[in-house]
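# Examination of the molecular architecture
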Amino acid sequence: MTHPAAGGWVGRPLPLKEDARLVAGRGRFLDDLTPGRVLHVAMLRSPHPHARIAAIDTTAAAALPGVAAVVTGAEAAASSRPIRPLIPTAVPLDDYCLAVEHARFVGEPIAAVAAVDRATAEDAVERIEVTYEPLPAAVDAEAGARGEGPLLYPALGSNVVWHDTLTYGEVDAAFARADGVLEERFEIQRYASTPLETFGCIAEYDAGTDGYAFVTNDQRPGLTLAIMAESLGVPQARLRLQCPDIGGGFGNKRRPAYLLICALLARRAGRPVKFLEDRRENLTALMHAAGGVMHVALAYRADGTLLGLSIRDVTDEGKNLVSPAQHNLIKLGNIANGYRIPAIRYEAWSVLTNKCPSGANRGIGKPFMCFAMERAMTLLARRLGLDPAELRLRNYVSAAEMPYTTPTGSQYDSGDYPATLRAALERFGYAHWRREQAAARASGRLLGIGIATSVEPAGTNLASYEIITGRRAASGSAEAAMVRVEPDGQVRAALGDPPSGQGYETVVAQIVADELGLHPDQVSVARGFDSTTTPWLYLSGNYSNKFSVTDTGAVVGAARRVRDKLLRIAAHRLEIAAADLELRDGAARVRGAGDRGLTLRELARTAYADVLGLPPGEEPGLEARHAHQNPLARPIDAARRVPSQLVFANAAHCCLVEVDPATGGVRIVKYVVVHDCGRELNPLIVEGMVHGSTAHGIGAALLEEFRYDASGQLLTSTFMDYLKPTALDIPDIEVDRLEHPSPFTPLGAKGVGEGGAIPGPAAVANAVDDALAHLGVTVRSLPITPDAVWRWLDASAPERR
Amino acid sequence: METRVRLAVNGQAVDRIVDVRRSLSDFLRDDLGLTGTHVGCEHGVCGACTVLVEGQSARSCLLLAVQLDGAAVTTIEGLTPAAGLSPLQEAFRECHGLQCGFCTPGMIVVAHELLAHNAAPTTAEIREALAGNLCMCTGYVNIVRAVSRAARP
């Protein structure tokens, strides 16, 4: 009950409120909710990467007992509007919720059935007869960038949806005066974070009001509500969207098309319908991090000082008509990593292919940007005979230069990047392991040490889309929150950002408790999201690492409005100046006068019931809403500089691997992370985020790949062949921290959700490369599977075979 | 096709007519309302749906309800005390051995089985026992800590 002696509740490693229900299996996830008379949905999906749909016959499916409704693309086109893209193509394309006339990737929904149970719906799907005319598929994004290959949309005249060259500073001059230029080509695979709960929704149509209600584990409810209203042709006021507990997100949990399909089925059937992906649908068709190829050229002086950077970047978008080139923009914001690089050129191609749509996946584009940059830095160090740590230390933006604006317009707000790396080397025992490595090599063992460091932004500035579209549709980073003292004096809060495992019920309670002088247990935070009660914006949602840097401002702002009102009411009733009062231990108390004061319950009675006791002109009630806009977001300027993302944390990863020359297998022996995410709001959550995020990086480095064959078929569509790391693959990740608060966020916090996933692949790749370099191997692509290691060893010295 | 199945779930006798193709996980969740058992992959890899059958861990998505005739099944609900949490569940909470909580019931079932046979496992033994269960959030570090903490009174 008592306020902690020093510093408040924020910053304490409080065990999580929500964990108490989750460890007992008492969470309420989408599939745990079953409205009365609900029907279950199954989808027919394209077996072809690219095909014309000549005919669909749903007669037999519709006739199956238990089937209530069937929809196809033709009916979707007749009864809904296309899904509005965030980043439109040069020629507008109609992208409906179901494929119309053409299927463009394996797994694309062709038709959908609602039936009394999922098994019956799947039986019905098998009775739908489709006549496909297969077409050649575009699978090679580099070929697409060259203008080669079959076209997904002949109306576009190309599979390239965006190609541009952005130049910042005197790039040609930098390369002309350089002592040397390092040029490399790097490649990244398609992979995804694959939250353990798959994506889905419950949709219900109310014929009486011509309205729709959705329950969904969608991470961006604000945006989805806008799309639903447009596509269904109803005002947003007749839509309701709720989010329950969400079983992991990582950016993957979104697909407005599925909500639309379910809305059409619910309207047709006159009953609520539920759809939840099975795992194969999830892996085949939801969202992949874009694969791609990046050419990096680094201009340097003989002492290792970086003079310029030139990148050519080809992104394999799949059939992404919603947010193509988003990966490119995010890379642009991180392109300099933590380094001082005065001149930067970025040429990018965003290319459609006949594959699963690319989309948001923990770090979007930044893991590849960091992989390419940190591999290049390590190779440059080797060329110059410098230690890889030393080369980095010579090029970091220093603490004295903060806040520092990069040539592309990102603002690094605070931090001490050299200190982060030095702390990581110290904790890792860098000198010790270099000696051990030499000794091991002498006995034929292949140990490698990898260093990778990164910056980690938080909060996306949608104004950056203007670089691609030439016009501004949305901008900035903002979120909304509500805090309310209930009539009984208990406190409730709600946030427009539905968590998917980040513990907001606990952190928001910590923040509100500090503002109102309470214990976090006295603050109840609404689970999930409800568009009819939660305050929200178009920008609301659980994405881009924004909680710590943007959402916190909304919570603090709402709480302070309530605090100020409590103090005004108490001052009036006690006939004392509000400045002489403070909120402490559940009451407004007179400063320096012990327990004298009025409890929240007493003040709530005045605010809600005994309203004649309010100060003159004071509005009854004790509820406040506040929306916070991140102050670092700015529009694009005349030189096309724009912060695509905002507040910057940073991290250094040191990784020790052993490669088995007999199998090509890579074992991670030791892994150290030192990170700086500013003020840590709840260190227990922060450390968990670092572990989990780093594990995503390790999975992408060593195991995970959505591999397509040359015809466009996905070869890895189950967890038997799309391999996720297990408890035997992830080491006991050691975490230390520095804490340089951000001057630009309300609580000094920075983002922490992506910081492991960004440098993780680079750290592991650098370690494997370090283990194999003396054998003539250079790691230029991911994932580093045993098979890949074998091929590299074989190619470097075929006689070893 | 339907058939009758009689079994014990969390110590309670259950007697139902079920479709023969109904999985144990669907039976537990949809017919009995025991939604603590989660379904993550439906092909036996992720372990979220793990329950105990006669005290041994089993993937409820790979079993048919009819196969359980005469058996005793324990779910996360059966491992949760009427009031409060079990020491293992408390350890998961104290160590924050979860984030989204979707894999957690399966993890706790497997950890329960491990500790029933090995009261003081090494971290290597814990990792081996958990290796059949996927967690996409935690990187397993805090899960291993939680099981270690529960093992040490």
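This one's a predicted model, so the numbers in the text were calculated from it and none came from an experiment.

## A few points about the overall build of chain A
Within chain A, the regular secondary structure consists of 21 helices and 29 strands. Here the C-alpha atoms of chain A give a radius of gyration of 27 Å, agreeing with the 28 Å that 2.2 N^0.38 yields for 801 residues. Reported as C-alpha extents along the three principal axes, the dimensions of chain A are approximately 90 × 70 × 50 Å. Taken over 801 residues, chain A has a buried fraction of 61%. Expressed as a percentage of contacts within chain A between residues at least 6 apart in sequence, the contacts between residues at least 24 apart total 79%.

## Some details on the overall build of chain B
Assigned secondary structure in chain B consists of five helices and five strands. In sequence order, the secondary structure elements of chain B are arranged as β-β-α-β-β-β-α-α-α-α. Relative to its length of 153 residues, chain B is compact, with a C-alpha radius of gyration of 15 Å against a globular reference of 15 Å. Oriented by its inertia axes, the alpha-carbon framework of chain B measures out at about 45 × 30 × 25 Å. For chain B, the residues scored as buried account for 58% of the 153 residues in total.

## Quick notes on the domain arrangement of chain A
Residues and elements named next belong to chain A. The domain boundaries assigned to chain A delineate domain 1 (17–27 + 478–629), domain 2 (33–135 + 197–247 + 253–285) and domain 3 (291–463 + 635–800). Of note, the centres of domain 2 and domain 3, computed from C-alpha atoms alone, are 37 Å apart. Each partner contributes residues to the interface: domain 2 has 18 residues there, and domain 3 has 19 residues. Among the residues forming the side of domain 2 that touches domain 3, the class breakdown is ten nonpolar, four polar and four charged.

## Brief notes about the interface of chain A and chain B
Contacts between the two partners involve 42 residues from chain A, matched on the other side by 41 residues from chain B. Of all the secondary-structure elements, those providing two or more residues to the side of chain A that touches chain B are α1 (17–22) and α19 (683–702) of chain A. Grouping the constituent residues of the side of chain A that touches chain B by class yields 20 nonpolar, 14 polar and eight charged.

## Observations regarding the packing of helix α11 (residues 366–384) of chain A against helix α12 (residues 388–395) of chain A
Residue and element names in this part refer to chain A. Interhelical geometry of α11 versus α12 gives an angle of 110 degrees and a closest axis separation of 8 Å. Taken together, the axes of α11 and α12 lie roughly perpendicular to each other. Contacts from Met377, Thr378, Leu380, Ala381 and Leu384 of α11 reach α12 at Pro388, Leu391 and Arg392. Taken together, the residues of the contact of α11 with α12 sort by class into six nonpolar, one polar and one charged.

## Here we look at the sheet that holds strand β4 (residues 56–59) of chain B
Residues and elements named next belong to chain B. Strand order in the open sheet made by the five strands is β2-β1-β5-β3-β4, with mixed pairing throughout. The open sheet has two free edges, formed respectively by β2 (12–19) and β4, since each of these has just one partner strand. Across the sheet, the axes of successive neighbouring strands diverge by a mean angle of 40 degrees, strand direction being ignored. Helix α3 (residues 104–117) contacts β3 (50–53) and β4 of the sheet and is inclined by roughly 40 degrees relative to β3.

## Observations concerning the domain arrangement of chain B
Residue and element names in this part refer to chain B. Under the domain assignment, chain B is made up of domain 1 (2–75) and domain 2 (87–151). Put simply, the middle of domain 1 and the middle of domain 2, counted by C-alpha atoms, are 22 Å apart. Across the boundary between the two partners, domain 1 contributes 13 residues, which contact ten residues of domain 2. Among the elements that line the side of domain 1 that touches domain 2, the one with the most residues is β3, at three residues. Within the side of domain 1 that touches domain 2, the residues separate by chemical class into five nonpolar, eight polar and no charged.

## Some remarks on the confidence of the model for chain A
For chain A, per-residue confidence averages 97 on the pLDDT scale, and 99% of positions sit at 70 or higher. Segment residues 1–5 of chain A is flagged for pLDDT under 50; beyond a separation of four residues in sequence, or across chains, it makes eight contacts in the model.

## Points about the nonpolar core
Membership of the largest hydrophobic core comes to 318 residues, with the highest contact counts inside it found for Val113, Cys262, Ala493 and Val512 of chain A. Residues in contact with Val512 of chain A, not counting those within four places in the same chain, are Val483, Val491, Ala493, Val523, Val555 and Ala559 of chain A.

## As for the confidence of the model for chain B
In this model, chain B carries an average pLDDT of 97, and 99% of its residues clear a pLDDT of 70 or more. For this predicted complex, the interface score ipTM comes out at 0.98, alongside a pTM of 0.97.

## Re helix α20 (residues 760–772) of chain A
If you check α20 of chain A, its first and last C-alpha atoms are 19 Å apart, about what 13 residues at 1.5 Å a residue would give, namely 18 Å. In terms of residue burial, α20 of chain A counts as a mostly covered element, since 13 of its 13 residues are buried.

## Points about the sheet that holds strand β4 (residues 102–103) of chain A
Hydrogen bonds along the backbone pair up the strands of a sheet, which may run parallel or antiparallel. Residue and element names in this part refer to chain A. Taken in spatial order, the three strands line up as β4-β2-β6 in an open sheet, and their pairing is antiparallel. Sheet topology places β4 and β6 (129–134) at the edges, where each strand pairs with a single neighbour. Here two bridges tie strand β2 (residues 51–57) to β4, and the two strands are oriented antiparallel to one another. Note on β4: the bridge partner recorded for Ala51 is Ala103.

## Focus: the pairing of strand β23 (residues 581–584) of chain A
Residue and element names in this part refer to chain A. Where burial is concerned, the two faces of β23 differ: the one with Leu581 and Leu583 is buried and the one with Glu582 and Arg584 is not. Pairing geometry for β23 and strand β24 (residues 587–590), over four bridges, is antiparallel. Within β24, the position partnered with Arg584 by the bridge is Ala587. Counted along the chain from β23 to the antiparallel partner β24, the turn is two residues long, and its residue Asp585 has a positive phi close to 50 degrees.

## Quick notes on the environment of His96 of chain B
Structurally, His96 of chain B can be placed in the loop between α2 (87–94) and α3. The exposure class assigned to His96 of chain B is buried, which follows from the 25 C-beta atoms found within 10 Å. As a C-alpha pair, His96 of chain B and Met107 of chain B span eleven residues in sequence and 13 Å in three-dimensional space. Setting aside its immediate chain neighbours within four residues, His96 of chain B contacts Pro15, Leu16, Asp19, Leu684, Ile685 and Gly688 of chain A together with Asn142 of chain B.

## Quick notes on the pairing of β4 of chain B
Residue and element names in this part refer to chain B. Where burial is concerned, the two faces of β4 differ: the one with Ser57 and Arg59 is buried and the one with Gln56 and Ala58 is not. Pairing analysis gives four bridges linking β3 to β4, with the strands arranged antiparallel. Residue pairing across strands places Val53 opposite Gln56, the latter belonging to β4. What sits between the antiparallel neighbours β3 and β4 is a turn of two residues, in which Glu54 has the positive phi angle 55 degrees.

## Digging into the environment of Thr72 of chain A
Residues and elements named next belong to chain A. Along the chain, Thr72 falls in strand β3 (residues 67–72). Given 22 C-beta atoms within 10 Å, Thr72 falls into the buried group. Along the primary structure Thr72 and Thr58 are separated by 14 residues, whereas in three dimensions their C-alpha atoms are 8.5 Å apart. Once you skip the residues sitting within four places of it in the chain, Thr72 turns out to touch Ile56, Thr58, Leu98 and Ala111.

## Quick word on the environment of Val322 of chain A
All names here are of chain A. Its location among the elements puts Val322 in the loop between β14 (306–318) and α10 (326–334). With 23 C-beta atoms packed within 10 Å, Val322 lands in the buried category. Apart from residues no more than four positions distant in its own chain, Val322 is found in contact with Ile83, Pro85, Leu86 and Pro357.

## Examining helix α13 (residues 417–428) of chain A
Residue and element names in this part refer to chain A. Across its twelve residues, α13 extends 17 Å between first and last C-alpha, which sits within 8% of the 16 Å expected from 1.5 Å per residue. Among the residues of α13, those classed as buried are Tyr417, Pro418, Thr420, Leu421, Ala424, Leu425 and Phe428. Taken down its axis, α13 places every buried residue within 160 degrees of arc, on the same side. Check the buried side of α13 and you find it contacts α12, α14 (430–442), β18 (446–460), β27 (645–659), β28 (666–676) and β29 (734–738).

Rules of the game
Residues numbered from 1 in each chain as written. Chains lettered and ligands numbered in written order. Predicted model: local features only at pLDDT ≥ 70, side-chain atom pairs only at ≥ 80, totals over all residues. Helix = DSSP H or I, 4+ residues; strand = E, 2+ residues; numbered from the N terminus. Rg over C-alpha atoms; globule rule 2.2 N^0.38 Å. Buried ≥ 20, exposed ≤ 12 C-beta atoms within 10 Å, placed from the backbone. Contact = placed C-beta atoms within 7 Å. Domains from an automatic or database assignment. Nonpolar A, V, L, I, M, F, W, Y, C, P; charged D, E, K, R; others polar. Axes fitted to C-alpha atoms, helices over the stretch in contact; angles between N-to-C directions. Parallel < 35°, antiparallel > 145°, perpendicular 65-115°, else oblique. Pairing = 2+ DSSP bridges. pLDDT = per-residue confidence, 0-100. Core = buried A, V, L, I, M, F, W, Y, C linked by C-beta atoms within 7 Å. Expected span 1.5 Å × (residues − 1). Arc of directions from axis to C-beta.

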